[in-house]
Amino acid sequence: LTFAGNRSDVVITKFNYTINKNHVTFNMSINESNFDKVLYKDFKETRPSWRNLCSSLRNDICYKKLFFKTGQHNVTIQISDKADNSIQINKEFAV
């Protein structure tokens with residue numbers, strides 16, 4: 001997936017997630033020289049708010065295992081660079 005950025009394109013070469021009981025593991029490869037952070041928001045929460053998913057990349061990889069309550073979830077993942085450019089990915093899943 002390629003998204004227009006400020007000076008260069010943000011390229012996500014891989015985006016996967018796996019569900020194991022109440023845990024969801026996110027695994028994405030991000031090619032962004034000015035990477036800042038990856039946040040997520042679960043709109044099925046009582047008070048949805050942005051939470052940190054990755055604040056740094058290891059070899060261009062954001063890998064994180066999160067716990068979710070049993071039920072349906074509507075999650076938006078936001079990837080930002082240091083110039084405040086961002087892209088969003090929306091995923092729905094049940095745990």
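Since the model is a prediction, treat every value here as computed from it, not as a measurement.

Draft legend 1. Seen up close, the overall build of the chain. From N to C terminus, the chain includes zero helices and eight strands. Helices (α) and strands (β) of the chain occur, in sequence order from the N terminus, as β-β-β-β-β-β-β-β. Evaluated residue by residue, the chain yields a buried proportion of 37% over its 95 residues. Partitioning the contacts of the chain with sequence separation of at least 6, the portion at a separation of at least 24 is 53%. Of the accessible surface of the chain, which amounts to about 6100 Å², a share of 41% is contributed by carbon and sulfur atoms.

Draft legend 2. Spotlight on the pairing of strand 7 (residues 72–81). With eight of its ten residues buried, strand 7 lies for the most part within the structure. Where strand 4 (residues 35–42) and strand 7 come together, seven bridges link them in antiparallel fashion. The residue bridging F35 from the neighbouring strand is D81, located in strand 7. Across nine bridges, the pairing between strand 7 and strand 8 (residues 86–94) is antiparallel. Across the sheet, the residue bridging to S80 is S86, located in strand 8.

Draft legend 3. Quick peek at the sheet that holds strand 5 (residues 51–54). The four strands are arranged 5-4-7-8 in an open sheet whose pairing can be described as antiparallel. Looking at strand neighbours, the two that pair on one side only are strand 5 and strand 8, the edges of this open sheet. Going across the sheet, the axis of each strand differs from the next one's by a mean of 30 degrees, ignoring polarity.

Draft legend 4. Expanded view of the layout of surface pockets. Put simply, the largest pocket is a space of about 230 Å³. D42, E45, F68, K69 and H73 are, among the 13 residues lining the largest pocket, the residues nearest its centre. Each residue belonging to the lining of the largest pocket can be placed in one class, and the counts come to three nonpolar, five polar and five charged.

Draft legend 5. Spatial organisation of the environment of M28. By the secondary structure assignment, M28 is in strand 3 (residues 23–31). M28 gets classed as buried once you look at its relative accessible area, which sits at 0%. Discounting chain neighbours no more than four positions away, the residues touching M28 are K14, F15, V38, L53, D60, I61, C62, I77 and I79.

Definitions and cut-offs
Residues numbered from 1 in each chain as written. Predicted model: local features only at pLDDT ≥ 70, side-chain atom pairs only at ≥ 80, totals over all residues. Heavy atoms only, no water. Helix = DSSP H or I, 4+ residues; strand = E, 2+ residues; numbered from the N terminus. Buried < 20%, exposed > 50% of the residue type's maximum accessible area, 1.4 Å probe, protein only. Contact = heavy atoms within 4.5 Å. Areas by Shrake-Rupley, 256 points an atom, 1.4 Å probe, with all protein chains shown as cover. Pairing = 2+ DSSP bridges. Axes fitted to C-alpha atoms, helices over the stretch in contact; angles between N-to-C directions. 1 Å grid on protein atoms, 1.4 Å probe; cavity = no way out; pocket = protein on both sides within 12 Å on 5 of 7 lines; lining within 4 Å. Points joined across faces, edges and corners; volume = space filled by probe spheres on them. Nonpolar A, V, L, I, M, F, W, Y, C, P; charged D, E, K, R; others polar.

Read these as spatial facts, not as claims about activity.
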